[in-house]
Amino acid sequence: MKHIFFFFSILFLVSLYSYSQKEQEKTRGLFYKISLASTLTINKEYTLDQDDDTGPLINPSALFVNNTLGYQFDKRTSVGFNFEYDYHSQQGLHFAPAYATLQHNMIVDDTNLFARAGYGTLLGMGKSFEKGTMYKLGIGIQEIFENNNSLLFGIDFSRKRFGYKTLEGLSSVSIFLEFMFF
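Residues numbered from 1 in each chain as written. Predicted model: local features only at pLDDT ≥ 70, side-chain atom pairs only at ≥ 80, totals over all residues. Heavy atoms only, no water.

1. Remarks on the overall build of the chain
Working step 1: Scanning the chain from N- to C-terminus turns up one helix and nine strands.
Working step 2: The helix and strand sequence of the chain, counted from the amino end, reads α-β-β-β-β-β-β-β-β-β.
Working step 3: The buried share of the chain, taken over its 182 residues, is 32%.
Working step 4: For the chain, the proportion of contacts with a sequence separation of at least 24, taken over those separated by at least 6, is 52%. (Helix = DSSP H or I, 4+ residues; strand = E, 2+ residues; numbered from the N terminus. Buried < 20%, exposed > 50% of the residue type's maximum accessible area, 1.4 Å probe, protein only. Contact = heavy atoms within 4.5 Å.)

Next comes the structure, spelled out in structure tokens:
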């Protein structure tokens, strides 16, 4: 009887130990995100003739580099504080937006479908940077890896108001690629 009790005790402890070694899926906590985005424009001078030097059909017209520090509350909702550098090459404008975002996953799976919104200010970091306000709306997909990091891809619409009494505006639609460390 002692041997059976000893055997079941060891079996119980081994199963308890092996269960505790399974890594639980992380659903809340701090994260860091870095992203690269660009707006694309159609080259009006493009022709199908390969001999002339008109360039490619689609040209990038703006570049956005973003850093985000945020908190994920659950599988669906997260907030983030963003600091970004925007360069619009066609207009020759520089922006340094600092803004908060709210992201909500509409479909939760290994690949999430999400919508997000952000609002903030354009910092006047020097003479070449415009001051003002901005908002951003976006939609995209998020692919989650085994180590809880993820890759995000989608489209953002942003509207910037700047200049004297923020009378000037600039709207853009960009394609973004982000990597999230969780």
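2. Here we look at the side chain of Asn-66
Working step 1: Considering the arrangement of structural elements, one finds Asn-66 in strand 2 (residues 58-72).
Working step 2: A relative accessible area of 4% places Asn-66 in the buried class.
Working step 3: For Asn-66, the side chain forms a polar contact with the side chain of Asn-82, separated by 3.5 Å.
Working step 4: Residue contacts for Asn-66: discarding those within four places in its chain leaves Lys-33, Ile-34, Ser-35, Asn-82, Phe-83, Glu-84 and Tyr-99. (Polar contact = N/O pair within 3.5 Å; in protein donor to acceptor, adjacent residues only side chain to side chain.)

3. As for the environment of Pro-97
Working step 1: Mapped onto the secondary structure, Pro-97 falls in strand 5 (residues 97-107).
Working step 2: Considering only alpha carbons, one finds Pro-97 and Tyr-135, 38 residues apart in sequence, at a separation of 9.6 Å.

4. Overview of empty space enclosed by the protein
Working step 1: Counted under the stated rule, the structure contains one cavity of 30 Å³ or more.
Working step 2: In this structure, the largest cavity occupies an estimated 150 Å³ of space.
Working step 3: Along its surface, the largest cavity is lined by 21 residues, and Asn-66, Asn-82, Tyr-99, Arg-116 and Glu-178 are the ones closest to its centre.
Working step 4: Looking at the lining of the largest cavity, the elements with two or more residues in it are strand 1 (29-42), strand 2, strand 3 (77-88), strand 5 and strand 9 (168-181).
Working step 5: With five residues, strand 3 is the largest single contributor of residues to the lining of the largest cavity.
Working step 6: Residues of the lining of the largest cavity, tallied by class, amount to six nonpolar, nine polar and six charged. (1 Å grid on protein atoms, 1.4 Å probe; cavity = no way out; pocket = protein on both sides within 12 Å on 5 of 7 lines; lining within 4 Å. Points joined across faces, edges and corners; volume = space filled by probe spheres on them. Nonpolar A, V, L, I, M, F, W, Y, C, P; charged D, E, K, R; others polar.)

5. Considerations on the environment of Ser-35
Working step 1: Along the chain, Ser-35 falls in strand 1.
Working step 2: Judged by relative accessible area, which is 9%, Ser-35 ranks as buried.
Working step 3: Expressed as a C-alpha distance, the spacing of Ser-35 and Asn-66, which sit 31 residues apart in the sequence, is 5.1 Å.
Working step 4: Beyond its immediate sequence surroundings of up to four residues, Ser-35 is in contact with Phe-64, Val-65, Asn-66, Leu-177 and Glu-178.

6. Notes on the side chain of Asn-105
Working step 1: Here Asn-105 lies in strand 5.
Working step 2: A distance of 2.8 Å separates the side chain of Asn-105 from the backbone oxygen of Lys-75, its partner in a polar contact.
Working step 3: Among all residues touching Asn-105, those that are not within four sequence positions of it are Lys-75, Arg-76, Asn-112, Leu-113, Phe-114 and Gln-142.

7. Some thoughts on the nonpolar core
Working step 1: Counting residues in hydrophobic clusters, the biggest one holds nine residues: Phe-31, Ala-37, Ala-62, Phe-64, Phe-114, Leu-152, Phe-176, Met-180 and Phe-182.
Working step 2: Looking at this core, the elements that each hand over two or more residues are strand 1, strand 2 and strand 9.
Working step 3: If we skip the residues at most four places from it in the chain, Phe-182 touches Lys-26, Thr-27, Arg-28, Gly-29, Leu-30, Phe-31, Gln-72, Asn-148 and Asn-149.
Working step 4: In terms of nonpolar packing, the next biggest core, distinct from the first, is built from seven residues, Leu-93, Tyr-99, Leu-122 and Leu-170 among them. (Core = buried A, V, L, I, M, F, W, Y, C linked by side-chain atoms within 4.5 Å.)

Function cannot be read off these values alone, since they describe shape.
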